[in-house]
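Survey of secondary and tertiary structure
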Amino acid sequence: MLGPALLAASRSPRVRSLVSTSRVSRGLVDRFVAGESASDAVAAVRALTERGLAVTIDHLGEDTTERAQAEATRDAYTALLGRLSDEGLAGSAEVSLKLSALGQALSGGGSSFALENARVICAAARDAGTTVTLDMEDHTTVESTLAILRTLRADFPWVGAVVQSCLYRTEADVRDLAHPGSRVRLVKGAYREPRTVAHTSKAEVDSAYRRCLAVLFAQGAYPMVATHDQSMIEAATRLAAHHGRSGDDYELQMLYGIRTAEQERQVGMGRRVRVYLPYGSDWYGYFMRRLAERPANVAFFLRGLVSR
Ligand code: FDA
């Protein structure tokens, strides 16, 4: 129960201020976030690729409230893509975008504005020789995000989708998205959702994850199996063997700093593994979701706060 409570509390400005300014946060943030600057991100990408891992980079930021902020995020992505290309890293590093950081929630045409910003980033990714995946945020954004995905794919068919097995609607979305060539990242879902739209028990979310995986492999999509859950990883590798997929015909994905030994073990077995690498100064929302996923992380963090 700690996870949902923490996600709810994380919306409070007082909690935000306490967590953002605490020195205790810093140590744990460093475990999940690669640093604040593009140079930090590029250095982390280089270190990961030297160990045989692929990367998807997230410039941290979400819930943008001003157009200028969204444009700054767009420009940070295009500059980053230029650097990845210049440094010969674009072959193994793509980017992940949150449309809310590109202005999706702004009043008066936020969706179109986010679409145009995403289009600029996709063009920069194409020029750099890499790809883009659109993160999925809470359920209220799914319809708009999938509409933007469809529009972008008309010009950039390689744009990746993210779907969350916790949502009831996702199995139908997966059937629509799972065509050959379609890059689909399957996650369990990190947002606090009402039971009117989402499964609430881990068993139901896991069963839905397995059903979605089966559809992605069977219908010929390119599955991006984003989970740290060993039983889901094993389900994916069994499906890959069943459908005759080689190690580069699907990929496993995990978050930076989580189960790093397993990431390397999978690479050692010839599987493609991509690490989701966040960087930037706006780490609060991302960090709180990582804490909420694991009671041990919260306990460690709270012990640090009260012992100071
Ligand atoms: P589960 O939560 O059942 O955890 C399985 C095991 O993994 C745990 O027992 C523990 O060992 C380990 N683990 C999981 N989380 C941990 C943590 N924070 N710290 C330490 N250990 C942990 N969500 C979303 O809503 N939209 C999105 O766009 C994305 N994008 C995304 C990309 C990638 C590459 C990944 C891996 C994940 C996401 N997510 C996401 C997050 C996702 O929805 C989910 O919240 C987390 O991956 C945790 O779920 P698991 O599948 O790992 O299983």
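Structure's up top.
Residues numbered from 1 in each chain as written. Predicted model: local features only at pLDDT ≥ 70, side-chain atom pairs only at ≥ 80, totals over all residues. Heavy atoms only, no water.

What follows deals with the nonpolar core. In terms of nonpolar packing, the biggest core is built from 74 residues, with Ile 57, Val 95, Leu 97, Leu 134, Leu 213 and Leu 277 touching the most fellow members. Ranked by residues supplied to this core, first place goes to helix H6 (residues 110-128) with nine residues. Membership of the second largest hydrophobic core comes to 20 residues, among which are Val 19, Val 29, Met 288 and Phe 301. (Core = buried A, V, L, I, M, F, W, Y, C linked by side-chain atoms within 4.5 Å. Buried < 20%, exposed > 50% of the residue type's maximum accessible area, 1.4 Å probe, protein only. Helix = DSSP H or I, 4+ residues; strand = E, 2+ residues; numbered from the N terminus.)

Closest axis-to-axis distance for the helix H2 (residues 13-21)/helix H12 (residues 284-293) pair is 11 Å, and the angle between their directions is 90 degrees. The angle between H2 and H12 falls in the class roughly perpendicular. Residues Val 15, Arg 16, Val 19 and Ser 20 of H2 lie in contact with H12, whose contacting residues are Tyr 284, Phe 287 and Met 288. Residues belonging to the contact of H2 with H12 are distributed by class as follows: five nonpolar, one polar and one charged. (Axes fitted to C-alpha atoms, helices over the stretch in contact; angles between N-to-C directions. Parallel < 35°, antiparallel > 145°, perpendicular 65-115°, else oblique. Contact = heavy atoms within 4.5 Å. Nonpolar A, V, L, I, M, F, W, Y, C, P; charged D, E, K, R; others polar.)

What follows covers the pattern of salt bridges. Under the defined criterion, the tally for this structure stands at 27 salt bridges. Here Glu 87 ties to Arg 46 by a salt bridge, and the two come within 3.0 Å at their closest N and O atoms. Of this pair, Glu 87 sits in the loop between helix H5 (67-86) and strand E2 (93-97) while Arg 46 sits in helix H4 (residues 38-50), and the two are 41 residues apart along the sequence. The partner of Glu 293 in a salt bridge is Arg 290, with the nearest N and O atoms 2.6 Å apart. Of this pair, Glu 293 and Arg 290 both sit in helix H12, three residues apart, which is roughly one turn of the helix. In this structure, a network of salt bridges that share partners links the residues Asp 58, Glu 94, Lys 98, Asp 135, Arg 183 and Arg 185. (Salt bridge = Lys/Arg side-chain N within 4 Å of Asp/Glu carboxyl O.)

Near the ligand there are 25 residues, and of these Met 136, Gly 189, Thr 227, His 228 and Glu 293 occur at the shortest range. One of the side-chain N or O atoms of Gln 164 is found 2.9 Å from an oxygen atom in the ligand. Interatomic distance of 2.7 Å between a side-chain N/O atom of His 228 and an oxygen atom of the ligand. Coverage of the ligand by the protein amounts to 86% of the 940 Å² it exposes when considered alone. Only strand E4 (161-164), strand E5 (183-187), strand E7 (251-255) and H12 provide two or more residues apiece to the shell around the ligand. In terms of residue count, E7 provides more of the shell around the ligand than any other element does, three residues in total. (Near = heavy atom within 4 Å. Polar contact = N/O pair within 3.5 Å; in protein donor to acceptor, adjacent residues only side chain to side chain. Areas by Shrake-Rupley, 256 points an atom, 1.4 Å probe, with all protein chains shown as cover.)

Moving on: the environment of Val 19. Within the fold, Val 19 resides in helix H2. The spatial distance from the C-alpha of Val 19 to the C-alpha of Met 288 is 9.1 Å, given a sequence separation of 269 residues. The residues contacting Val 19, other than those within four sequence positions of it, are Ser 25, Trp 283, Tyr 284, Phe 287, Met 288 and Phe 301.

Relative to the helices and strands, Glu 137 is located in the loop between strand E3 (132-134) and helix H7 (142-155). Among buried Asp, Glu, Lys and Arg side chains, Glu 137 stands out as unpaired, with Lys 98 the closest opposite charge at 6.0 Å. Side-chain polar atoms of Glu 137 contact the side chain of Ser 100, separated by 2.6 Å. Contact partners of Glu 137, with chain neighbours within four places excluded, come to Glu 62, Lys 98, Leu 99, Ser 100, Gln 104, Gln 164 and Tyr 191. (Lys, Arg positive; Asp, Glu negative; His and termini not counted.)

In this description, an aromatic ring pair is defined by two values, namely the gap between the centres and the angle between the planes. One pass over the full model with this rule turns up four aromatic pairs. Relative to Trp 158, the ring of Phe 156 lies with its centre 5.5 Å away and its plane at 55 degrees, an arrangement referred to as tilted. Seen in terms of ring centroids, Tyr 276 and Tyr 286 are 6.3 Å apart; in terms of plane orientation they differ by 5 degrees. Their pairing is stacked. Within this pair, whereas Tyr 276 is found in strand E8 (residues 273-279), its partner Tyr 286 is found in helix H12, the two being separated by ten residues in sequence. In terms of burial, Tyr 276 and Tyr 286 fall into one category: buried. Here the basic side chain of Arg 67 rests over the ring of Phe 113, its NZ or CZ set 3.9 Å away from the ring centre. (Phe/Tyr/Trp six-rings, centres within 6.5 Å; stacked < 30°, edge-to-face > 60°. Lys NZ or Arg CZ within 6 Å of the ring centre and 35° of its normal.)

Across the sheet, which stays open at both edges, the eight strands sit in the order E3-E2-E1-E8-E7-E6-E5-E4 with parallel pairing between neighbours. Two strands in the sheet have a free side with no partner beyond their single neighbour: E3 and E4. On average, each strand axis in the sheet is tilted by 30 degrees relative to the strand beside it, whichever way the strands run. Note that strand E1 (residues 54-59) and E8 share six bridges and pair parallel. The partner of Val 55 across the bridge, within E8, is Val 275. Contacts from H7 reach E3, E4 and E5 within the one sheet, and its direction differs from that of E3 by about 155 degrees. Helix H8 (residues 170-177) contacts E4 and E5 of the sheet and is inclined by roughly 150 degrees relative to E4. (Pairing = 2+ DSSP bridges.)

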